[in-house]
Amino acid sequence: MVLVLVPLLALGSAIEPYPFESELQEQRFKALAEELRCTVCQNQSLADSDAPLARDLREELFRMLQDNRSDQEIRNFMVERYGNYVLYRPPLAGHTLLLWGGPIVLLVIGLIAALIVIRKRRQAL
Amino acid sequence: MIRLLIPLIVFAGLVALLIAGLQTGDERKLVQSPLIGKPVPDFSLPGLHDPDTVRTRDELLGEPFILNVWGSWCWACRVEHPFVERLGQEAGIPLVGFNWKDERADALEWIERFGDAWDFHLVDYEGRVAIDLGVYGAPETFLIDHRGIIRHKHIGPIDATVFDELLRRIMEMQAEAE
């Protein structure tokens, strides 16, 4: 029964069923496939994409997990080949500082502006 | 007066940022491979015409060569084919075809139809070596120097605008090898 159902369940998603050794391994696989970008697609992760390259990379990902490689090792493997572009969460570095810090800076500016406006209104009352 | 201008300035700033974002959007395609300046990854791959002949990376080293990723399924490879032919004639270094995720029969038929511009082909049906090379589409063209260092990668079809640039880089590698 399970043998019949498993392939049917797999039809719904791009991810093909892999013989995972454990639930933990499967979770790691899914998490990594979600956070790695499919480089040939318009903004899709490896998990979302049906592109042949995404399929190959998922296979590679599975192989590496079975090889007992750590998440970071797997990320490094991808970055060495495709650059930081494959990461949906780019590393904190000089050229990505604006990306990471930008929202915080904007938030602070907004808060200060709001405070100034509120104070002025109070004074006016 | 200045107070009235502040929102306008902020708005103009935002517009400028968005325009800049739109214009740099395409530059992603120009992002160079992180492998440039690094040795070409190790491989041993069979030929296309000669599936029994397996060539390794080390056999190819010693002189510069061009590695052109193509597939019979790849539409843009047809577009660039005349330029690949010209490259083969003018480059003076081996032009190696990297037949990626293709079927042998399809690839042979394609060559029959459009012409074999390459000196020989390496076949990567599984796409494992392609992953090591960071290939993410076809066509892609790598320039590899005599020490096996990847010097340049062109993503997308070779056309008139990049042809001379590729040739210039090839001459440079040749000069270094001598």
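Everything numeric here is computed off the predicted structure, so don't read it as measured data. Think of each chain on its own: its residues are numbered from 1, step by step along the sequence as written. By the order in which they are written, chains take letters starting at A while ligands take numbers starting at 1. Predicted model: local features are reported for residues with pLDDT of at least 70 only, side-chain atom pairs are reported and counted for 80 or more only, and whole-chain, interface and lining totals are derived from all residues. Side-chain numbers here rest on the full set of heavy atoms in the structure, without hydrogens or water.

Caption draft 1: Looking closely at the nonpolar core. Buried Ala, Val, Leu, Ile, Met, Phe, Trp, Tyr and Cys residues that are joined via side-chain atoms within 4.5 Å together make up what is termed a nonpolar core. Each residue gets one of three labels from its accessible area relative to the maximum for its type: buried under 20%, exposed over 50%, partly exposed in between, using a 1.4 Å probe on protein chains only. Judged by nonpolar contacts, the single largest core of 46 residues is most densely connected at Leu67, Phe98, Leu122, Leu133 and Phe142 of chain B. Put simply, the parts of the chain that give this core at least two residues each are helix H2 (23-35), helix H3 (52-66) and helix H4 (71-82) of chain A together with strand E3 (65-70), strand E4 (95-100), strand E5 (120-124), helix H5 (128-132) and strand E6 (140-144) of chain B. Helix and strand definitions follow DSSP, with helices as H or I runs of at least four residues and strands as E runs of at least two, each counted in order from the N terminus. For this core, the leading source of residues is H3 of chain A, giving seven residues. Leu122 of chain B has contacts with Phe43, Leu45, Pro46, Arg55, Leu60, Leu67, Val96, Gly97, Phe98 and Asn99 of chain B, leaving out every residue within four places of it along the chain. Core analysis: the second largest hydrophobic core is formed by 25 residues, Ile66, Cys74, Ala76 and Ile93 of chain B among them. In this analysis, two residues are considered to be in contact whenever any of their non-hydrogen atoms come within 4.5 Å of each other.

Caption draft 2: Just the interface of chain B and chain A, in detail. Every contact between the two is made by 17 residues of chain B and, on the other side, 16 residues of chain A. We define buried area as the total accessible area lost by two parts upon association, computed with a 1.4 Å probe and summed across both. Overall, the association of chain B and chain A removes approximately 1300 Å² of surface from exposure, summing both partners, and the carbon and sulfur fraction of that is 53%. Any Lys or Arg side-chain nitrogen located within 4 Å of an Asp or Glu carboxyl oxygen qualifies as a salt bridge. Put simply, chain B and chain A have three salt bridges between them. Taking the shortest distance from any N to any O, the salt bridge between Lys101 of chain B and Asp56 of chain A comes out at 2.8 Å. For this analysis, a polar contact is any N or O atom pair within 3.5 Å, provided that within protein one partner can donate a hydrogen and the other can accept it, and provided that sequence-adjacent residues contribute only side-chain to side-chain pairs. Across the contact surface, chain B and chain A share five residue pairs in polar contact (both at pLDDT 80 or more). A class-by-class count of the residues in the side of chain B that touches chain A yields seven nonpolar, four polar and six charged. When residue character is reported, Ala, Val, Leu, Ile, Met, Phe, Trp, Tyr, Cys and Pro are called nonpolar, Asp, Glu, Lys and Arg charged, and the others, Gly included, polar.

Caption draft 3: Up close: the state of the cysteines. Residues and elements named next belong to chain B. Note on terminology: pairs of cysteine sulfur atoms within 2.5 Å are recorded as disulfides. Evaluation of the coordinates by the stated rule reveals one disulfide over all chains. Each sulfur of the disulfide joining Cys74 and Cys77 lies 2.2 Å from the other. Measuring the twist about the S-S bond at about 90°, one finds the Cys74-Cys77 disulfide to be right-handed. Taken as a pair, Cys74 and Cys77 share a single burial class, namely buried.

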